[in-house]
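In case you want the letters, here they are:
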Amino acid sequence: MKEEVSLVGVIAILFLYDLIAGEKGRKYFSLITCLLLGGHIIYNFLPTSTSGAVFGGMYYYTPMMTIIKSILTFGTLIVVMQADTWLRREDTKFKQGEFYVLLLSTLLGMFFMIASGHFLMFFIGLEMASIPMATLIAFDKYKHDSAEAGGKYILTAMFSSALLLFGLSLLYGACGTLYFDDIPATLDGNLMQMAAFVFFLAGIGFKISIVPFHLWTADVYQGAPTSVTSFLSVVSKGSAVFVLLTILMKVFAPMVQEWQIIIYGLIVVTITIGNLFAIRQKNIKRFLAFSSISQAGYILLGVIGGTQLGMSSLVYYVLVYMVANLAIFGVVSIIEQRTGMINIEDYNGLYLTNPKLSFLTTLALFSLAGIPPFAGFFSKFFVFMAAFEKGFYVLVIIALLNTIISLYYYLLLVKAMYINKSDSPIESFKSDCYTRTSLVICLIGIVCLGLAGVVYETISLFGYGM
Amino acid sequence: MVAGSTALLILSGVLTYLYLGARADGDTAEMLFRSDWTWYSSLNIKLSLGVDGISVAMLLLSSVIVFTGTFASWKLKDQTKDFFLWFCLLSLGVFGFFITIDLFTMFMFYEIALIPMYLLIGHWGSGRKEYSAMKLTLMLMGASALLLAGILGIYFSSGATTMNILEIAQLHNIPMNAQLLFFPLTFVGFGVLGALFPFHTWSPDGHASAPTAVSMLHAGVLMKLGGYGCFRIAMYLMPEAANELGWIFLILTTISVVYGAYSAIVQTDLKYINAYSSVSHCGLVLFAILMTNQTATTGAVIQMLSHGLMTALFFALIGMIYGRTHTRDIRELAGLMKVMPFLSVCYVIAGLANLGLPGFSGFVAEMTIFVGSFEHVDLFHRVITIIATSSIVITAVYILRLVGRSIYGEVKNPEFLKLKDATWDERVSVIVLVISIAALGILPLWMNNMIGDSVLPIVNTLVSR
């Protein structure tokens, strides 16, 4: 419970600060938020080696959950740092406090979703993570795109919640309980339970943006403020994929044959379609949206085996993907704030004007593409290992061949920055210290997470299999 | 960079000396100077280092080429720092690949060596550089995808507790059906880098567009990674499948040998000629290791060395000539001997070494390979050897045509008369390479013994199954 309680504390402090702080106090808002979140991470960092349940099995805690929660908080911290420039603009300055409170409420919802031991708890967590998200997406409400994206998100979110609830009610009808502990004993894979599972998967697939539930992704990513997009693409996705893994392993364990087939198909289409659509994108945020769809497919490779290796590699993958993606979004965000440019063509010749930013972006792209010695190579290798270990040879080969397509479009961006010439390149500018700190943290993560084996080792200590 | 590459050269010399010393003292372990660091203990991934005669030879080759490549890019002006940063990363990958004996780390270094290529060619290259860079990177990465599947297959089906090659080879319990699945994946994965026939198309474009030092390192060393990997991983760990499926790959490599040579005849760009010649010669390396006997395999390793040095010399000289004349078309070049005698003489030397003149390394290598291949008594191997041998004649055709057209004759373009001969940094680079080629051609015995001893355990594994 520790994480949730301290996060509620952080939210309460920020809420009160927003009330009492005047014009002057608002200047320090992001600093205070960063410090509080940092303290929160440190306070909850060391996973307690015990696991157990409270509220009669409604709420669970295991060391692995503590780790994933810390990773998500870490991602949120970086997003907060990168959002600073944007929030200081005239039209958003007065609602900074709302941004932080909403952002952290979303995170709190994810915490409950991760820790749930009962489907109602899970649903509450999911909704708590979705509804503030919609307001965040529409945060630039005077911008047409942002408002439209918010509307789109809330409609699709509601639709998928409805599907999920329908699935849950079927499940309740079939099993007579919604406790995670009690369901497996009553599962035998009959038609009703299969239908319940499929509706459940559709609901959660929306959060992870697995193909075919991905249609909202590109529009919302494009319309939302860049900091919110980065939050959506790493934190929201990371939490949902972890929940999917735990529920598949725990609740649907008796139906493992059935769900493996479904996940198999989903991985193939998610990776392939995400990759193929990414090639054609001109807008960098849409480009990253499709790239993140295909990355979600790779993350699911850790789910399919249901093994200890799968779980550890999934959590590790989420962490590695997070630092790389946040690095790119940090760069995109700062460039958008300074120059308003968000097309890939605008990045032509960036290397000549902003060598550091483009170098960092290159490393992050290499990490996403899975090129050693950057962390992405290790995480990809481990999820491939996890799937291969269980004998999914063909799946691994399909995923591997897809890495080449992904390398192609990542290299297109590298090419734009390094090789293409431009008549009007983005001017060189100095970024503010929050962005710079966040980018340095991401850089350290990209380089060190893989080379230092200790990170993965720590995670794998607490992983468990089916 | 100069200091660094000199240090590398000296270090690899010292390593060779130590290695030979240890062998002379009667150390018969398969790999010397072993050291292990656990990296990911829960996944049994270790950083295992160790060298045998083959890798020592390869390290020596790599350091010579990095050294000369540095001198050859002396005049580079455009963003020198970045160029050498990526160049260093490339060299890191190459050296790392040759000293590790762990599947994971080998694969990692292999990929490290590939990616800097994209920026090096794309940014500092010439001609259709963007197209070539993308083609090269994607083809090689595609190969490495197959390779990764192969490596995971080897690891999981061998039931080994580490990814150490020696241990997997010793356990030797990869089931036959797994071998038949993973051997082609691994062999093709490495074979693409070694310019195996249907997958060689990245090589001419890539080499033609790359800047001089990168062409040198790529053709000279990186293509050898392919042959080395095929031998050390694919064939050593899966000997039964290698014997079973070897004939398919023998046919493919024969096609690369002959087809590469024929293609070189019709090219008019100096770099393309050399690139196709590389396809032909690297095909010969793969051809020889598939012969699975000690003589041919030793020849293969010597061929790797010899081709690495020759082709590096070629690319260095082409880069220097191109830097002066701004054309690589042999129809426009003529009479170079009159304007730049030093470079031209060295070009002729490189050409003669390439067509296998006795006294140079090419002769030793090809002789050993064909003698070894002919040891097989069955018809298939003999016929295929004869076909492959014909490439020597074709090599002579394109080399002599090139030399006759562009080096000798009258100067066609009066502009050329103003050009100067090599400067000191270019001379250093060229002379080191020429000396190495001649040394390997005149005194091949110690190298032959060093490699031959190390090849033996692998060949024995192959023959006895």
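Refer to the structure presented above.
Calculation rules
Residues numbered from 1 in each chain as written. Chains lettered and ligands numbered in written order. Predicted model: local features only at pLDDT ≥ 70, side-chain atom pairs only at ≥ 80, totals over all residues. Helix = DSSP H or I, 4+ residues; strand = E, 2+ residues; numbered from the N terminus. Rg over C-alpha atoms; globule rule 2.2 N^0.38 Å. Buried ≥ 20, exposed ≤ 12 C-beta atoms within 10 Å, placed from the backbone. Contact = placed C-beta atoms within 7 Å. Axes fitted to C-alpha atoms, helices over the stretch in contact; angles between N-to-C directions. Parallel < 35°, antiparallel > 145°, perpendicular 65-115°, else oblique. Left-handed = near helix turned anticlockwise from the far one by under 90°. Nonpolar A, V, L, I, M, F, W, Y, C, P; charged D, E, K, R; others polar. Pairing = 2+ DSSP bridges. Expected span 1.5 Å × (residues − 1).

### So, the overall build of chain B
Each helix and strand counted, chain B has 19 helices and 2 strands in total. A globule of 465 residues ought to have a C-alpha radius of gyration of about 23 Å, and chain B, at 21 Å, matches this closely. Here the C-alpha coordinates of chain B stretch approximately 70 × 50 × 45 Å along the principal axes. Relative to its full complement of 465 residues, chain B shows a buried share of 61%. Excluding contacts between residues fewer than 6 apart, the proportion of contacts in chain B whose partners are at least 24 apart in sequence is 80%.

### Regarding the overall build of chain A
Along the backbone of chain A there are 20 helices and 2 strands. The C-alpha atoms of chain A give a radius of gyration of 21 Å, which matches the 23 Å a tight globule of 466 residues would have. When its C-alpha atoms are laid out on the principal axes, chain A stretches across 65 × 55 × 40 Å.

### Thoughts on the environment of A213(B)
All names here are of chain B. Mapped onto the elements, A213 comes out in helix α10 (residues 212-237). Separated by 61 residues in the primary sequence, A213 and N274 place their C-alpha atoms 15 Å from one another. Among residues more than four places away in sequence, those in contact with A213 are G69, T70, A72, S73 and F87.

### A word on the packing of helix α14 (residues 308-339) of chain A against helix α20 (residues 453-462) of chain A
Residue and element names in this part refer to chain A. Orientation of α14 relative to α20, taken along the N-to-C sense of each, is 135°, at an axis distance of 8 Å. The orientation of α14 relative to α20 falls into the category oblique. You can see that α14 and α20 cross each other, and the crossing is right-handed. Every residue of α20 that contacts α14 at S312, V315 and Y316 is listed here: Y456, I459 and S460. The class makeup of the residues in the contact of α14 with α20 is 4 nonpolar, 2 polar and no charged.

### Quick word on the interface of chain B and chain A
Counting residues at the interface gives 24 residues for chain B, matched by 25 residues for chain A. A per-element tally of the side of chain B that touches chain A places helix α6 (residues 129-158) of chain B first, with 11 residues. Of the residues in the side of chain B that touches chain A, the class split is 16 nonpolar, 6 polar and 2 charged.

### Re the pairing of strand β2 (residues 45-51) of chain B
A regular strand places its side chains on the two faces of the sheet in alternate fashion. All names here are of chain B. Summarising burial for β2: 5 of the 7 residues are buried, a large majority. Pairing geometry for strand β1 (residues 32-40) and β2, over 6 bridges, is antiparallel. Residue D36 lies in a different strand from β2, and its bridge partner there is S48. Connecting β1 to the next strand, β2, in antiparallel fashion are 4 residues, including N44 with a positive phi near 60°.

### Some points on helix α7 (residues 144-175) of chain A
All names here are of chain A. Its 32 residues place the ends of α7 46 Å apart at the C-alpha level, agreeing with the 46 Å of an ideal helix rising 1.5 Å per residue. Taken residue by residue, α7 has S146, A149, G150, Y153, A157, S160, L163, L164, G167, L171, A174 and C175 as its buried positions. Where α7 is buried, its residues touch α6 (119-137), α8 (183-186), α9 (191-208) and α10 (217-223). Of the residues one or two after α7, G176 is the one with positive phi, at around 75°.

The values are spatial; any link to function lies outside them.
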